[in-house]
2 protein chains.
Amino acid sequence: MNQVLIIAIGNELLSGKTVNTNSTFLAEKLTNLGLTVKKILTLPDEREIVVSELTNALIKKNYRIIIITGGLGPTWDDSTASFLAETLNVPLKIHPEGINIVTQRYQELYRNGLVDTEKITSARKKMAYLPVGAKPIYNPVGTAPGIYFDHKPSNCWIFCLPGVPKEMQEMFSIIEPQFHDIQKKEHLEFYEENLIVPFTDESLLAPFLDQVREKFNVWIKSLPKTYQEGENIMLIISFSSDKNGEAKNTVLKAKEYLNLLIKSK
Amino acid sequence: MNQVLIIAIGNELLSGKTVNTNSTFLAEKLTNLGLTVKKILTLPDEREIVVSELTNALIKKNYRIIIITGGLGPTWDDSTASFLAETLNVPLKIHPEGINIVTQRYQELYRNGLVDTEKITSARKKMAYLPVGAKPIYNPVGTAPGIYFDHKPSNCWIFCLPGVPKEMQEMFSIIEPQFHDIQKKEHLEFYEENLIVPFTDESLLAPFLDQVREKFNVWIKSLPKTYQEGENIMLIISFSSDKNGEAKNTVLKAKEYLNLLIKSK
């Protein structure tokens, strides 16, 4: 089981103020590890909808990993920890390691002249409240700890990462080794190649792609430009496997077969 | 009822190959019309998951509008019309107006030297199959017609637009007047202002924002930079209303109150 759900929380994503690049970053990283991102959900900062979607995802037991971004900061609408606690039906509590992280980070920022005070105000303290049973994740860039919860009943690891892209990316590199472990244990491999084909017209290329897909079960995405741009189409051929060497082997064979079909057209 | 669901379909979005800018474009346009985007779903080119999500959305009757992007092209994995037909439990059939659009578009492209033949191959014909009861939408850039379906049982307009951003954007401008009609009929207004506040530290700003939110029920998003960047925080204050003038009025009052709070800190 290697399926992933990504949830991006934040009204600014639903009002079109912010492009959801966080989910794209995570999707690429996880795909390259052989994991399969099955769904990306973008949700507003609203308790009812987030709790309902999270609850559904856990009930279905479809996901080995859920990664949530956004909503960990000190303001009123940063409620991810609280949404998660409600979903898991556990209380929120100050985590001793969490408050250490927050305190230590503000002391560092204060020493470096980046904040005006090192005092742990109630807005700062808020970030150390985690669902009982969760563990904080160190934030090397910002101040809000991330959240890790191992949800045993659905065999699902839940991670909450910050919404600020730089913070999210640095924190991801801290948790990445856990995904390497899954990859190794389940022998997950992902391989892909890009190629440019001598077609500007997707409708004439389509029958060849369908033949290759049928024969090798690879995933092929054609990325057409508009006809007006008239550029040759780029293809991505990829395959995920849990057998040693199969992914690369399959993609190379599929590519060779496609080139053959195109040459003999 | 002015809630919108956006669904972006395409494996390339889930493997991190492509950033989902289409959903952001639509979210911004619709928000500015006073509509409320409640959820953005990014799904793979997979029948089971798309049909299941669409079915759920229609059953719940939460949405006045569902906009789907991607999966209208001539290749095997372009199956949005078929997913929609299965969801609605109607057959796919060649639509006379749809095949006219496809034929006419290839004739134009051929005359302009942008495609090699005007012949309607089966891959091209595929794009004119619509769920029975749907109407095609003209595609001024590409060749695949969009799809419009008025789903009366859930009072929901369903639109399928192409995944190529230029095609999607041009087609959106064709359907946009329908949304203006909803806006007018329901007196929807949306107003927002951006402002920069003299804070680099979100945790010290948070208590002021909470006061303003509580008093005016506005949505305020703070867009913090990392502490290392040390830039002042930008805020977006916005309000949606169905009462004449209320949206702008509320935002301006909230902004004035916030400035007052900050000055007297």
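Residues numbered from 1 in each chain as written. Chains lettered and ligands numbered in written order. Predicted model: local features only at pLDDT ≥ 70, side-chain atom pairs only at ≥ 80, totals over all residues.

Further remarks concern the pairing of strand β10 (residues 219–223) of chain B. Residues and elements named next belong to chain B. Across the five residues of β10, four count as buried, placing the element largely inside the fold. Relative to strand β11 (residues 234–241), β10 runs antiparallel, the two being bridged by five bridges. Residue pairing for β11: L223 is matched across the bridge by M234. (Buried ≥ 20, exposed ≤ 12 C-beta atoms within 10 Å, placed from the backbone. Helix = DSSP H or I, 4+ residues; strand = E, 2+ residues; numbered from the N terminus. Pairing = 2+ DSSP bridges.)

As a further point, take the interface of chain B and chain A. Taken together, the 56 residues of chain B in the interface contact 56 residues of chain A. Among the elements of the structure, α1 (11–14), α2 (21–32), β2 (36–43), α6 (122–126), α7 (165–185), α8 (202–216) and β10 of chain B are those that each provide at least two residues to the side of chain B that touches chain A. Class assignment for the residues of the side of chain B that touches chain A results in 25 nonpolar, 17 polar and 14 charged. Examined bridge by bridge, strand β2 (residues 36–43) of chain A and β2(B) share three bridges and lie antiparallel to one another. Following the sheet pairing, I40(A) is matched in β2(B) by T42(B). (Contact = placed C-beta atoms within 7 Å. Nonpolar A, V, L, I, M, F, W, Y, C, P; charged D, E, K, R; others polar.)

To continue, consider the environment of D116(B). Residue and element names in this part refer to chain B. Summarising the element assignment, D116 is placed in the loop between α5 (96–111) and α6. The class of D116 is exposed, set by 12 C-beta atoms lying within 10 Å. Through-space distance from the C-alpha of D116 to that of P44 is 31 Å; in sequence the pair is 72 residues apart.

This part is about the confidence of the model for chain A. Overall, the predicted model of chain A reaches an average pLDDT of 93, with 100% of residues at or above 70. For this predicted complex, the interface score ipTM comes out at 0.93, while the overall pTM is 0.93. (pLDDT = per-residue confidence, 0-100.)

On domain assignment, one finds that chain A holds domain 1 (3–185) and domain 2 (189–263). Domain 1 of chain A and domain 2 of chain A are separated by 36 Å when their C-alpha centres are compared. (Domains from an automatic or database assignment.)

Residue and element names in this part refer to chain B. Packing of α8 against helix α9 (residues 246–263) leaves a shortest axis separation of 10 Å and a crossing angle of 145 degrees. As for how α8 packs across α9, the hand of that crossing is right-handed. Side by side, α8 and α9 meet where F208, Q211, V212, K215 and F216 of the first sit next to T250, K253, A254, Y257, L258, L261 and I262 of the second. Of the residues that constitute the contact of α8 with α9, the class distribution is eight nonpolar, two polar and two charged. (Axes fitted to C-alpha atoms, helices over the stretch in contact; angles between N-to-C directions. Left-handed = near helix turned anticlockwise from the far one by under 90°.)

Here we come to the sheet that holds strand β7 (residues 146–151) of chain A. Read across the sheet, 12 strands follow the order β6(A)-β7(A)-β8(A)-β3(A)-β1(A)-β2(A)-β2(B)-β1(B)-β3(B)-β8(B)-β7(B)-β6(B) without closing on themselves; strand pairing throughout is mixed. Two strands bound the open sheet, and with one partner strand each, they are β6 (135–137) of chain A together with β6 (135–137) of chain B. Neighbour-to-neighbour, the strand axes of this sheet turn through a mean angle of 20 degrees, independent of strand direction. Set on the sheet, helix α7 (residues 165–185) of chain A makes contact with β3 (65–69), β6, β7 and β8 (156–161) of chain A; between it and β8(A) the angle comes to about 160 degrees.

Because an α-helix packs 3.6 residues into every turn, residues spaced three or four apart end up facing the same way. Residue and element names in this part refer to chain A. Its 16 residues place the ends of helix α5 (residues 96–111) 22 Å apart at the C-alpha level, agreeing with the 22 Å of an ideal helix rising 1.5 Å per residue. Looking at α5, one finds that the buried residues are G98, I101, V102, R105 and Y106. All buried residues of α5 fall inside an arc of 120 degrees around its axis, so they share one side. Across from the buried face of α5, at angles greater than 90 degrees, the exposed residues are P96 and R111. (Expected span 1.5 Å × (residues − 1). Arc of directions from axis to C-beta.)

In sheet architecture, strand pairing relies on hydrogen bonds along the backbone and comes in two forms, parallel and antiparallel. Residue and element names in this part refer to chain B. Strand order in this open sheet of three strands is β9-β11-β10, and the pairing throughout is antiparallel. Two strands lie at the open edges of the sheet, namely β9 (189–196) and β10, each paired on one side alone. For this sheet, the mean inter-axis angle between neighbouring strands, taken without regard to orientation, is 15 degrees. Of the strand pairs in this sheet, β9 and β11 are connected by eight bridges, and their pairing is antiparallel. Among the inter-strand pairings, E189 is bridged to a residue of β11, identified as S241.

All names here are of chain B. One can describe the packing of α2 onto α7 by two numbers: an axis separation of 11 Å at closest approach and a directional angle of 25 degrees. The angle between α2 and α7 falls in the class roughly parallel. Judged by the sense of rotation from one axis to the other, the crossing of α2 with α7 is right-handed. Across the interface between the two elements, T21, N22, F25, L26, K29 and L30 of α2 pack against P165, M168, Q169, F172 and F179 of α7. (Parallel < 35°, antiparallel > 145°, perpendicular 65-115°, else oblique.)

Superposition of the two copies of the chain requires a rotation about an axis and a shift along the axis. Each copy superposes on the other: chain B lies on chain A with an RMSD of 0.0 Å after a rotation of 180 degrees and an axial shift of 0.0 Å. Here the copies are linked by what is in effect a two-fold axis. Using C-alpha coordinates, one finds that chain B approaches the rotation axis most closely at L41(B), a distance of 2.5 Å. Comparing interface residues between copies, 100% of those in chain B also lie at the interface in chain A; the contact surface is shared. (Least-squares fit on C-alpha atoms with pLDDT ≥ 70 in both.)

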